[in-house]
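Here are the chains, one letter per residue:
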Amino acid sequence: MKFATRAVHAGQDPDPTTGATIVPIYQTSTYTQTRVGEHKGFDYSRTINPTRLALERQLASLEGARFASAFASGMAATSAVLGLLSTGDHVVVSDDLYGGTYRLFARVLERYGITFTYVDMSDLGTVRAAVSAATKLFWVETPTNPLLRIVDIAGIASLRRAEQLVVVDNTFATPYFQQPLALGAQIVVHSTTKYIGGHSDVVGGVAITDDPELHERIKFQQNAVGGVPGPTDAWLTMRGAKTLALRMREHARNAQAVAEFLDSRDDVARVYYPGLPSHPRHELAKRQMTGFGGMVSCLIDDPERAKNFAGRLKLFSLAESLGGVESLICHPGRMTHGSIPAEERERRGIGDGLLRLSVGIEDATDLIEDLRAALDATAGTRDTRPPLLA
Ligand SMILES: *Cc1c(COP(=O)(O)O)cnc(C)c1O
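Anyway, here's the lowdown on the structure attached to this text. (Residues numbered from 1 in each chain as written. Predicted model: local features only at pLDDT ≥ 70, side-chain atom pairs only at ≥ 80, totals over all residues. Heavy atoms only, no water.)

1. A look at the nonpolar core
Alright, step 1. Membership of the largest hydrophobic core comes to 79 residues, with the highest contact counts inside it found for Met121, Leu262, Phe309 and Leu357.
Alright, step 2. Sorting elements by how many residues they give to this core places helix H10 (residues 244–263) first, with 9 residues.
Alright, step 3. Both of domain 1 (3–241) and domain 2 (244–378) provide at least three residues apiece to this core.
Alright, step 4. In this structure Leu262 touches Val268, Val271, Val296, Cys298, Leu357 and Leu375, once residues within four positions along its chain are discounted.
Alright, step 5. Counting 27 residues, the second largest nonpolar core, distinct from the first, contains Leu84, Val91, Val93 and Leu137. (Core = buried A, V, L, I, M, F, W, Y, C linked by side-chain atoms within 4.5 Å. Buried < 20%, exposed > 50% of the residue type's maximum accessible area, 1.4 Å probe, protein only. Helix = DSSP H or I, 4+ residues; strand = E, 2+ residues; numbered from the N terminus. Domains from an automatic or database assignment. Contact = heavy atoms within 4.5 Å.)

2. As for the pairing of strand S5 (residues 165–169)
Alright, step 1. Burial analysis of S5 places 5 of its 5 residues in the buried class, the great majority of the element.
Alright, step 2. By the alternation rule, side chains of S5 split into Leu165, Val167 and Asp169 and Val166 and Val168, which are all buried.
Alright, step 3. Taken together, the 5 bridges between strand S4 (residues 135–141) and S5 define a ladder with parallel strand orientation. Looking at S5, one finds that Leu137 is bridged to Leu165.
Alright, step 4. In this fold, the crossover linking S4 to S5 by way of helix H6 (residues 153–159) has right-handed handedness.
Alright, step 5. With 3 bridges connecting them, S5 and strand S6 (residues 187–191) associate as parallel partners. Within S6, the position partnered with Val168 by the bridge is Val188. (Pairing = 2+ DSSP bridges. Right-handed = clockwise from strand over helix to strand, strands pointing away.)

3. Digging into the site of the ligand
Alright, step 1. The environment of the ligand is made up of Ser73, Gly74, Met75, Tyr98, Asp169, Thr171, Phe172, Ser191, Thr193, Lys194, Gly204 and Leu322.
Alright, step 2. The contact in question runs from an oxygen atom of the ligand to an N or O atom on the backbone of Gly74, over 2.9 Å.
Alright, step 3. Take Lys194: an N or O atom from its side chain is 2.7 Å from an oxygen atom of the ligand.
Alright, step 4. Placement of the ligand is best described as lying within the second largest pocket.
Alright, step 5. Here the shell around the ligand is composed, by residue class, of 4 nonpolar, 6 polar and 2 charged. (Near = heavy atom within 4 Å. Polar contact = N/O pair within 3.5 Å; in protein donor to acceptor, adjacent residues only side chain to side chain. 1 Å grid on protein atoms, 1.4 Å probe; cavity = no way out; pocket = protein on both sides within 12 Å on 5 of 7 lines; lining within 4 Å. Sits in = over half its atoms within 2 Å of the grid points. Nonpolar A, V, L, I, M, F, W, Y, C, P; charged D, E, K, R; others polar.)

4. A short note on the sheet that holds strand S7 (residues 205–209)
Alright, step 1. The strand order across the open sheet formed by 7 strands is S1-S7-S6-S5-S4-S2-S3, and the pairing between neighbours is mixed. Of all the strands in the sheet, the pair left with one neighbour each is strand S1 (67–71) and strand S3 (115–119). Direction aside, the axes of adjacent strands within the sheet are offset by 20 degrees on average.
Alright, step 2. Its contacts with the sheet put helix H3 (residues 74–82) on S1, strand S2 (90–94), S3, S4, S5, S6 and S7, and the angle it makes with S6 is roughly 155 degrees.
Alright, step 3. Packed on one face of the sheet, helix H4 (residues 99–108) meets S2, S3 and S4 and runs near 140 degrees to S3. (Axes fitted to C-alpha atoms, helices over the stretch in contact; angles between N-to-C directions.)

5. So, the pattern of salt bridges
Alright, step 1. Scanning the model with the defined rule gives 17 salt bridges in all.
Alright, step 2. A salt bridge links Asp95 to Arg149; its shortest N-O distance comes to 3.3 Å. Here the residue Asp95 occupies a position in the loop between S2 and H4, and Arg149 occupies one in the loop between S4 and H6, the gap between them amounting to 54 residues.
Alright, step 3. Looking at Arg149, the relative accessible area reads 25%, which means it is partly exposed.
Alright, step 4. With a shortest N-O distance of 4.0 Å, Lys307 and Glu304 are connected by a salt bridge. Of this pair, Lys307 and Glu304 both sit in helix H12 (residues 303–312), 3 residues apart, which is roughly one turn of that helix.
Alright, step 5. For Lys307, a relative accessible area of 26% gives the class partly exposed.
Alright, step 6. When its relative accessible area of 44% is taken as the criterion, Glu304 is described as partly exposed. (Salt bridge = Lys/Arg side-chain N within 4 Å of Asp/Glu carboxyl O.)

Here it is in structure tokens:
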């Protein structure tokens, strides 16, 4: 079956006892057993819950895999995957990555003796040079956050030795536009808070694999550490995911229009969007993805103007997060990436004039009008024109 069909039907069997067409919210922590040692496959909701199971089946199917484990947040999913490693293990990470992932790696896992090397993963030679005998995992984000760089997933997978794992955080692209497992990755992680949930009303995460042995190990982490979503959150995420295909088509269409508009403005120094032919990895993006997604970043030379512009928009809410039906704008330096030290941020190209837009599914002409009005209103925040001759 095709993607949009699986999004609506996978894991969504009618309820066996009532015939309810929609999977019920099984708001229960425990299950009455028929006799000691005899139950219907459900014993305790940290371990297994029917609503969560339906979500896991749906999301596994969307990534073309057999197994998924749902978590209370994207960070809980990431922690569970890193929980597969031990003291002394080494991880190669893309240096342009979600700020919370960086914080988990640098401030929590390093204390446990796991080491991390941050590299520009769009350069395979640099990745190869960072690998050591202790390397157990490649942590890939593509498109990256917030600079929308594109990493060659199949290229990274070709560097991998048998005992190593390639893990892709597929939050930005979503399975609708990018299928990392088919490109050679072993595990896909999502913050389902973003596009999969899609309505900015629930926090969640998922780890997906097609390898039964890896699935058992992730499942063990899920149950042992316990970062599971409640049944109502699982249900909301599942409802959102049913419309992923049609939302992503609109997100990408609007993002392309917004990127082209920003690119046409002389007062926007740079636009980052893989769908623009000027993007350095546009050709790779075309090969690796079936669409370019809904995230656009741009650079405004004057940081003061960037902040004023972001605050003046009416349709783009100034907020962290992304992937909901409504448009958002954020200032990564002060918001999502604030946990990365300023010097390190500058080194990675996340300057104070950088803005990140999550383009929603509103009408594109309204979004562009909003951007135009705010740009015009903030023109001359600082006068950069050459002085007039007296
Ligand atoms: C938001 C996000 C995360 C973290 O997910 P939470 O659900 O907020 O815990 C991880 N990776 C990416 C790319 C994200 O955007």
